[in-house]
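Survey of secondary and tertiary structure
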Amino acid sequence: QVQLAESGGGLVQAGGSLRLSCAASDRTFPLMGWFRQAPGKERVFVARIFWSSGNIYYADYADSVKGRFTISRDSAKNTMYLQMNSLKPEDTAAYYCAAARGLGQPYDYWGQGTQVTVSS
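Residues numbered from 1 in each chain as written. Predicted model: local features only at pLDDT ≥ 70, side-chain atom pairs only at ≥ 80, totals over all residues. Heavy atoms only, no water.

1. Digging into unusual backbone geometry
For Asn78, which is not a glycine, the phi torsion comes out positive at approximately 50°. Structurally, Asn78 is set in the loop between strand 7 (69-74) and strand 8 (79-84). In the Ramachandran plot, Ser86 falls in the positive-phi region, its phi being about 50° despite a non-glycine side chain. Note on placement: Ser86 falls in the loop between strand 8 and strand 9 (93-100). Given the relative accessible area of 41%, Ser86 is considered partly exposed. (Helix = DSSP H or I, 4+ residues; strand = E, 2+ residues; numbered from the N terminus. Buried < 20%, exposed > 50% of the residue type's maximum accessible area, 1.4 Å probe, protein only.)

2. Some points on the packing of aromatic side chains
Two descriptors summarise a pair of aromatic rings, namely the distance from one centre to the other and the angle between the planes of the rings. Within this structure, the stated rule accounts for six aromatic pairs. Ring plane angle 75° and centroid distance 5.9 Å describe the contact between Phe35 and Phe45, whose orientation is recorded as edge-to-face. Taken together, the residues span a long stretch of sequence, with Phe35 in strand 4 (residues 31-37) and Phe45 in strand 5 (residues 44-51) at a distance of ten residues. Judged by its relative accessible area of 11%, Phe35 is buried. For the pair Phe35 and Trp110, a centre-to-centre distance of 5.0 Å together with 55° between the ring planes defines the contact as tilted. (Phe/Tyr/Trp six-rings, centres within 6.5 Å; stacked < 30°, edge-to-face > 60°.)

3. Thoughts on the pattern of salt bridges
Evaluation of the coordinates by the stated rule reveals four salt bridges. One salt bridge in this structure joins Asp91 and Arg36, with 2.9 Å as the shortest N-O distance. Remark: Arg36 occurs in strand 4 and Asp91 occurs in the loop between strand 8 and strand 9; sequence separation between them is 55 residues. For the residue pair Asp91 and Arg36, the accessibility class agrees, reading buried in each case. Arg68 is the partner of Asp91 in a salt bridge, and the nearest nitrogen-oxygen pair spans 2.7 Å. Of the two residues, Asp91 is situated in the loop between strand 8 and strand 9 and Arg68 in the loop between strand 6 (57-61) and strand 7; the sequence distance between them amounts to 23 residues. Both residues of the pair, Asp91 and Arg68, count as buried. (Salt bridge = Lys/Arg side-chain N within 4 Å of Asp/Glu carboxyl O.)

4. Description of the environment of Ser119
For Ser119, the location among the structural elements is in strand 11 (residues 114-119). Overall, Ser119 belongs to the partly exposed group, its relative accessible area being 22%. Once residues lying within four places of it in the same chain are set aside, the contact partners of Ser119 are Leu11, Val12, Gln13 and Ala14. Here Gln13 takes part through its side chain, which lies 3.2 Å from a polar atom of the side chain of Ser119. (Contact = heavy atoms within 4.5 Å. Polar contact = N/O pair within 3.5 Å; in protein donor to acceptor, adjacent residues only side chain to side chain.)

5. Some points on the state of the cysteines
One pass over the structure, following the stated rule, counts one disulfide. Bridging Cys22 to Cys97, the disulfide has an S-S length of 1.7 Å. Handedness here is read from the sign of the S-S torsion; for Cys22 and Cys97, about -65°, the answer is left-handed. Linking Cys22 in strand 3 (residues 18-24) with Cys97 in strand 9, this pair joins segments that are 75 residues apart in sequence. Like Cys97, Cys22 is buried. (Disulfide = S-S within 2.5 Å.)

The structure is reproduced here in structure tokens:
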């Protein structure tokens, strides 16, 4: 079965950095993304990355994280990363890794989530 596993969450001071990782256990996906859900709020899009077998990739971000977060991937390891810099208390949320079989397809595969807490 396909398994997605997030790691790298934790507690950090405002202005600090964290790097999240998401590893796919038995499949590679052309589209992967990050979502987050704060207490009492809906799960929202954070960033996504799409790549081809030729290692050409594209990325985009929610406006709330542009200029602070960077998404990347290591296709050989079937792993996606989210580098989070200049963290703010508003970034506090459970962060979820998701994957789809192609661009424009739904995110049908999800990880269990990793908690990010940013203190002021």
